[in-house]
Amino acid sequence: MQSTDFSRSLFGRICISRAITALIVGTLLLNITVRAQQTENVQQSTQAPKPSSIVEHMGAPTSLPELVREAEQKNPQVSAALHGWRASRNVSKQASALPETQVSVQQFSVGSPRPFAGYSNSEFAYIGFGVSQDIPYPGKRGLRAQVAEHEAESVEAQADSIRRTVIGNLKMVYFRLAYIQQTLGVLQKSDGFLNQVQEATEARYQVGQGNQQDVLKAQLQHTKILQEVAHHHQAEGLLQAQIKQLLGRPQDSPDILADNLSIRPLPYSAAELLQRARELNPDVRSKQAAIHVQEAQVELAQKNFRPDFNVQYSYQHTNGDTRDYYMATFGIRLPNRGRQKAELAEAQQNQERAKKELDAESDRVLSEVQQQYVRVKTSEERLKVYSEGLVPQSEATFRSALSAYQSNKQDFESLLSGFLDVLNLDLEYQSELAEHESALAELERLTGVDVP
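Residues numbered from 1 in each chain as written. Predicted model: local features only at pLDDT ≥ 70, side-chain atom pairs only at ≥ 80, totals over all residues. Heavy atoms only, no water.

> Lay out the overall build of the protein chain in plain terms, naming residues and giving numbers.
When you go through the protein chain residue by residue, the secondary structure sums to 10 helices and four strands. Start at the N end of the protein chain and walk to the C end: the helices and strands fall as α-α-α-α-β-β-α-α-α-α-β-β-α-α. The burial tally for the protein chain puts 39% of its 452 residues in the buried class. Element-wise, carbon and sulfur atoms account for 54% of the exposed surface of the protein chain, whose accessible area totals about 26,000 Å². (Helix = DSSP H or I, 4+ residues; strand = E, 2+ residues; numbered from the N terminus. Buried < 20%, exposed > 50% of the residue type's maximum accessible area, 1.4 Å probe, protein only. Areas by Shrake-Rupley, 256 points an atom, 1.4 Å probe, with all protein chains shown as cover.)

> An account of the side chain of K244 is needed here, citing residue identities and associated values.
Among the secondary structure elements, K244 is positioned in helix α6 (residues 212–247). Judged by its relative accessible area of 3%, K244 falls in the buried class. Apart from the residues lying within four places of it in its own chain, the contact partners of K244 are R249, P250, Q251, S253, P254 and D255. (Contact = heavy atoms within 4.5 Å.)

> For the pattern of salt bridges, give the residues involved together with the corresponding values.
Inspection of the entire model under this criterion finds 22 salt bridges. A salt bridge links D308 to K140; its shortest N-O distance comes to 2.8 Å. With a gap of 168 residues between them, D308 in strand β3 (residues 308–317) and K140 in helix α5 (residues 140–206) connect regions that are remote in the sequence. (Salt bridge = Lys/Arg side-chain N within 4 Å of Asp/Glu carboxyl O.)

> Got a sec to walk through α6? Specific residues and values, please.
The end-to-end C-alpha distance of α6, which contains 36 residues, comes to 53 Å, matching closely the 52 Å that a straight helix rising 1.5 Å per residue would cover. With its phi angle positive at about 70 degrees, G248 sits one or two positions after the end of α6. (Expected span 1.5 Å × (residues − 1).)

> Please set out the packing of helix α3 (residues 76–88) against α5 residue by residue, giving values where relevant.
The description of two helices packed together rests on the angle between their axes and the distance between the axes. Put simply, α3 and α5 touch, their axes get as near as 9 Å, and they point 170 degrees apart. Put simply, α3 runs roughly antiparallel to α5. The residues of α5 that touch α3, namely those facing Q77, V78, A81, G84, W85 and S88, are A152, V155, E156, A159, I162, R163 and V166. The residue inventory of the contact of α3 with α5, partitioned by class, reads eight nonpolar, three polar and two charged. (Axes fitted to C-alpha atoms, helices over the stretch in contact; angles between N-to-C directions. Parallel < 35°, antiparallel > 145°, perpendicular 65-115°, else oblique. Nonpolar A, V, L, I, M, F, W, Y, C, P; charged D, E, K, R; others polar.)

> Describe the packing of aromatic side chains, listing the residues and the values that go with them.
Here the structure, examined in full by the defined rule, presents seven aromatic pairs. Seen in terms of ring centroids, Y386 and Y429 are 6.4 Å apart; in terms of plane orientation they differ by 70 degrees. Their pairing is edge-to-face. One end of the pair, Y386, is in helix α9 (residues 337–406); the other, Y429, is in helix α10 (residues 412–447), and 43 residues separate them in sequence. Y429 sits in the partly exposed class, given a relative accessible area of 22%. Three or more aromatic residues link up through ring pairs in this structure, and these residues are Y137, F309 and F330. Taking NZ or CZ as reference, R89 lies 4.9 Å from the ring centre of W85, over its face. (Phe/Tyr/Trp six-rings, centres within 6.5 Å; stacked < 30°, edge-to-face > 60°. Lys NZ or Arg CZ within 6 Å of the ring centre and 35° of its normal.)

> Can you explain the sheet that holds strand β2 (residues 126–135)? Please cite residues and give values.
Read from one edge to the other, the open sheet built from four strands follows the order β1-β2-β3-β4, with strand pairing classed as antiparallel. In this open sheet, the two strands that pair with only one neighbour each are β1 (102–108) and β4 (325–333). On average, each strand axis in the sheet is tilted by 15 degrees relative to the strand beside it, whichever way the strands run. The sheet contact formed by β2 and β3 spans nine bridges and is antiparallel. Residue pairing in the sheet places F129 in a bridge with Y315 of β3. (Pairing = 2+ DSSP bridges.)

> Tell me what's going on with the side chain of Q340, and back it up with residues and numbers.
Mapped onto the secondary structure, Q340 falls in helix α9. The exposure class assigned to Q340 is buried, which follows from its relative accessible area of 2%. For Q340, the side chain forms a polar contact with the side chain of R339, separated by 2.9 Å. Residue contacts for Q340: discarding those within four places in its chain leaves A301, N304, F305 and P335. (Polar contact = N/O pair within 3.5 Å; in protein donor to acceptor, adjacent residues only side chain to side chain.)

> An account of a nonpolar patch on the surface is needed here, citing residue identities and associated values.
A surface patch of nonpolar side chains, amounting to about 590 Å² of accessible area, comprises L98, I135, V311, F330, I332 and L334. Assignment of secondary structure puts F330 in strand β4. Overall, the relative accessible area of 57% leaves F330 in the exposed class. (Patch = residues over 30% accessible without salt bridge, like charges linked within 9 Å, V, L, I, M, F, W, Y side chains within 5 Å.)

> Pulling in residues and values, what's your account of the environment of D450?
Relative to the helices and strands, D450 is located in the segment after α10. The exposed category is assigned to D450, whose relative accessible area is 59%.

Following this line, the structure appears as structure tokens:
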């Protein structure tokens, strides 16, 4: 009886042990299955869109000098300014020419309004021919020609200013376009780094060392990069429209691929640039020509106190019984001295105004040259810090953080921070490079120098 009870007790313990073991194994399998299912759900339900919009631009790049030559030939503003200058070159010939000669025909009738009435029986009837010419006082025509020539110089300087402005705008848009196209490559490289981060987070999550939030954050950054790419494509489309307008191309023509930007060192000192601006800046030259115009206007107003002259000659043919008549006339046109004094005072005031406008324009241009010079030099220093320090250091820091994270020696936030440093510093470097080239382009416009 005791043996039977003992057997039953032993059998009960074995059954209970097996049940507990089965329960533990089932729980472990369930946890593994649930975690695998969660990983799959994370990968599927939060899968970011494929980076299909991060693509390489196809085709050969177009250099900036090629586009500059095209703009000089085809831009409507440049062409209009050029035609205006060519037209102004013909004004001096008009101003120096004599006034128009007047030719007249006379017919004098006697006894009747009918033409040639009394011509055969009256000695008063005649047919006459005359010519009249106004002659300005010596020196007036030359001064008028000088005024027109200096005005043509001002128009030429204004045309050059328009050309430089168009070329400067073209360079600005080109550098911005190059920045946008190059940063697409930066975003593509950063997306590759992010794929490594995402793979590391998923690997740690699958073995139970990470958490779902890290995976979601990595995928969120991937989506943010795609959003930034979309913004870049919008900006590129706007810049393509602007650059085609400056080139005079149809808007449906093929898009332009810019050369990769590279830093161009400035080989001129501030003093050299300021001197070039004084001598070659078209806005300053236009104001200088305006002063010459007003100086000639003052001389002309003084010369207008002198009288002008008029010479006339006429011939009158009568009937056969009466001799023909010949008459020469010399006239003097006396100026209104009150009006001429007012004209001289106006010319003198305009001369002073032109001098002050030249001073103001020179100060403005020289200030802009100095500001752009400071921008270029400061930008060169920052670019050196980026290329030799910040960018390589951030990439090294990120790779070290990635290795530490994969070895479970660093948290995800530090790894994500390292990735964002790489991305932001690369973008900042490209932006600084575009700003540097834009400042150089502005210096080229202001001073006429050509930085290789």
